[in-house]
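# Structure assessment
Here is how the chains run, residue by residue.
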Amino acid sequence: MSTQEIAPSLPTAAAPRRRPGLGAALGWELTKLGRQKRAKATVALAALAPVLIVLIVKGQQRPPKDSLFGRYVHETGWSVPLLMLGFAGQWVLPLLTALVAGDIFAGEDQMGTWKTVLTRSVSRAQIFWAKTLTAVLFAVSVLLVLAASTILSSIVLVGHQPLVGLTGQLIPSHTAWLLVSGSWATAIPPLLAFTCFAILLSVLSGNPAFAIAAPVVIGMVMQLGGTLGGVEALRPFLLTTPFEAWHGLLASPRFYAPLEWGLVSSAAWCVISLSWAFVALQRRDVKGG
Amino acid sequence: MTRIRNLSPRRLIPWAIGILALVVASAALTSTSQSSVTRARLERDLPRTFSNLYVQQAALLGHKGVSAKSMHTQAQCDKGGPKVADRGAGADWICYVSWRDPNVDETLMPGKFEVSAHSNNCYTAGGPSKLVGLLTITDKHGRDVPNPVFEFDGCFDPHGSNEPTGVNLEPTKSSPTGPAALSIATGTLHPDVRGVVRPTLSCAPGQEGCGGSVVARLDGKRVGTATYALAPDSKGAVEIELPRGATGSRLVLAVTPVIGDTVRPAFTVRIAPR
């Protein structure tokens, strides 16, 4: 079954209509996603949970000093999104993306709908890219919703006083705005690396529960491994390390080397995961329903 | 239906090989591990961060004449004492920090900061409250506000300069830090009527003074022992009774120090003829 196209070719003479392409496949995938309760609930949670969390953090008598910027949560609203970003990288962002990316291929296995999907008049490759793009779009949208909600609710509920940076420097509000938004933006590369990894697990396992849980668990293991001594040489290759690259933006002078390396490592994770997943899907023998 | 169930042993072989290769590669990488958390990077970043925050504290307190530039902050860091390499994450970093501020007693410098460094190149530092104040301070308007330098976080560039800073701030005490050494005056001794000689012992300045025992031998024959205990930088004498009828003129005093040290293991003194 190595053919690119599953659909029976129509007699050419009777086919004046253009064949549906990637756009059509993407449209369908997005429509399917839009109907999913889980996806809708995830977006709603990303929009509403930060408000609640900011309220809880604000109500704390003792600020959470164990995490970066935790000690300043009562002093400026700019510190709260950074505190939450530190948290988000640990398991929240991997989970948010895996909820869709882990399910998007394996869901067809679970429902037994591969045959239906693959007998449409688009190629396997087109289906692969449509599903991947859908997962990527979802991941980025959820991150944007989460970031916007966190930053807005922090500023509204706590205020926009100047922020103390990671070199002790005082950052005025108008710069803090850019740096905090930029810091959240730096979570996109590792987030997409997790998306690609979840897609790979989704294709290989065919089991949505596994493909959703495994990236989160592996992310937490990597997070833990990254904090251990003696394995520092592994740190640059971990999926979770780029989630901390934003520290460089909040230092003075700023440093970008971890960001640059994070971009490279996230891209490598993505290319390897997606190539593997692509080949695995192409070679898959879909016989059963 | 789940595909994960129909994994046969034959299909597992490539996975096992792949995982094994990953483990071997990781182990090879790990063996060359060098943490980016180093003494030089901490010694560069801690003064920067501390100065910036200290200026904010001075502003809160209404102290004049303090700027990050005028402070000339320096730090000397050490991890886990002299026997541990000054590299890597851990809560056992100690940094001595000194800075200039006309508003504080500079004889209290350098301040001893406890630093907990993390493997992600961030650290948490806490200063001595006699120099930096308590958790909350009263600002110039009389309000209680959090003290920005009581405890603070910082992150440094893992690719920043790792050249030694050459800062040496370890507190220097007025007293020498080495052990005190004993010496015995090697003049000629005159025995008294009972045949007792009193060699003069002197203890050099040093920690805890001198203490121990002296074994006296007259021309190779053991004639007596004595113990001594002297304060640092002081003199004293021990009594050694020479046996009646003992002959010889070379008295060898072998010193076994218990506290402090000795200049030589044995001293030779002359005995005047009786």
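## Topic: the overall build of chain A
Helix and strand counts for chain A come out as 10 helices and two strands. Each of the three principal axes of chain A carries a C-alpha extent, and together these read 70 × 40 × 30 Å. The proportion of buried residues among the 289 residues of chain A is 47%. Look at the contacts in chain A between residues 6 or more apart in sequence, and 77% of them connect residues 24 or more apart.

## So, the overall build of chain B
Across its full length, chain B holds three helices and 18 strands. Relative to a compact globule of 274 residues, whose C-alpha radius of gyration would be 19 Å, chain B shows 32 Å and is clearly more extended. Overall size of chain B, expressed as C-alpha extent along the three principal axes, is 110 × 75 × 30 Å. Taking all 274 residues of chain B together, 31% fall into the buried category. Within chain B, contacts between residues at least 6 apart in sequence are counted, and of these 63% link residues at least 24 apart.

## With respect to the domain arrangement of chain B
Per the domain assignment, the segments making up chain B are domain 1 (39–155) and domain 2 (181–271). Between the C-alpha centres of domain 1 of chain B and domain 2 of chain B there is a distance of 52 Å.

## Details of the interface of chain B and chain A
With 31 residues of chain B at the contact, the number on the chain A side is 27 residues. A total of six residues in the side of chain B that touches chain A trace back to one element, the largest contributor, which is helix H2 (residues 39–61) of chain B. Broken down by class, the residue content of the side of chain B that touches chain A amounts to 10 nonpolar, 17 polar and four charged.

## Regarding unusual backbone geometry
Here the bond from Ser252 of chain A into Pro253 of chain A is cis, since omega is 0°, no more than 30 degrees from zero. Note that Pro253 of chain A resides in the loop between helix H9 (208–227) and helix H10 (257–283). For the peptide bond that leads from Met109 of chain B to Pro110 of chain B, omega is -5°, which places it in the cis range. Mapping Pro110 of chain B onto the fold places it in the loop between strand S2 (90–98) and strand S3 (111–117). Positive phi, normally seen in glycine, also occurs at Asn121 of chain B, with a value near 70°. Backbone geometry at Asp219 of chain B places phi at a positive 50°, although glycine is not the residue there. Mapped onto the fold, Asp219 of chain B is located in the loop between strand S12 (210–218) and strand S13 (221–230).

## A few points about the confidence of the model for chain B
Averaged over all residues, the pLDDT of chain B equals 85, while 93% of them reach at least 70. Reported confidences for the modelled complex are a pTM of 0.75 and an ipTM of 0.86.

## Brief notes about the packing of helix H2 (residues 37–59) of chain A against helix H6 (residues 124–157) of chain A
Residue and element names in this part refer to chain A. Where H2 contacts H6, the two axes come as close as 9 Å, and the packing angle between them is 25°. Between H2 and H6, the angle is such that the two are roughly parallel. The handedness of the crossing between H2 and H6 comes out as right-handed. Only Phe138, Val142, Val145, Leu146, Ser149, Thr150, Ser153, Ser154 and Leu157 of H6 make contact with H2, whose side of the interface consists of Ala39, Thr42, Val43, Ala46, Ala47, Pro50, Val51, Val54, Leu55 and Lys58.

## Some details on the sheet that holds strand S14 (residues 234–237) of chain B
Residues and elements named next belong to chain B. Strand order in the open sheet made by the four strands is S14-S11-S8-S17, with mixed pairing throughout. Each end of this open sheet is capped by a strand with a single partner; those strands are S14 and strand S17 (261–262). As paired strands, strand S8 (residues 181–184) and S17 are joined by two bridges and run parallel to one another. Counterpart to Ala181 in the pairing with S17 is Asp261.

## Considering the sheet that holds S13 of chain B
All names here are of chain B. Spatial ordering of the open sheet is given by S9-S18-S16-S12-S13, a layout of five strands whose pairing is mixed. Edge positions in the open sheet fall to strand S9 (188–189) and S13, since each of these has one partner strand only. As paired strands, strand S16 (residues 250–259) and strand S18 (residues 266–271) are joined by five bridges and run antiparallel to one another. Bridge pairing in S18 places Arg250 opposite Arg270.

## With respect to H6 of chain A
Here H6 of chain A spans 49 Å end to end across 34 residues, near enough to the 50 Å set by a 1.5 Å rise per residue. Of the residues flanking the end of H6 of chain A, it is Gly159 of chain A, one or two places downstream, whose phi is positive at about 120°.

## With respect to the pairing of S3 of chain B
All names here are of chain B. Residue alternation in S3 divides its side chains into a buried set, Gly111, Phe113, Val115 and Ala117, and an unburied set, Lys112, Glu114 and Ser116. Across six bridges, the pairing between S2 and S3 is antiparallel. If you follow Ile94 over to S3, its bridge partner there is Glu114. The pairing of S3 with strand S4 (residues 122–126) spans four bridges and is classified as antiparallel. Residue pairing for S4: Val115 is matched across the bridge by Ala125.

Definitions and limits used
Residues numbered from 1 in each chain as written. Chains lettered and ligands numbered in written order. Predicted model: local features only at pLDDT ≥ 70, side-chain atom pairs only at ≥ 80, totals over all residues. Helix = DSSP H or I, 4+ residues; strand = E, 2+ residues; numbered from the N terminus. Buried ≥ 20, exposed ≤ 12 C-beta atoms within 10 Å, placed from the backbone. Contact = placed C-beta atoms within 7 Å. Rg over C-alpha atoms; globule rule 2.2 N^0.38 Å. Domains from an automatic or database assignment. Nonpolar A, V, L, I, M, F, W, Y, C, P; charged D, E, K, R; others polar. pLDDT = per-residue confidence, 0-100. Axes fitted to C-alpha atoms, helices over the stretch in contact; angles between N-to-C directions. Parallel < 35°, antiparallel > 145°, perpendicular 65-115°, else oblique. Left-handed = near helix turned anticlockwise from the far one by under 90°. Pairing = 2+ DSSP bridges. Expected span 1.5 Å × (residues − 1).

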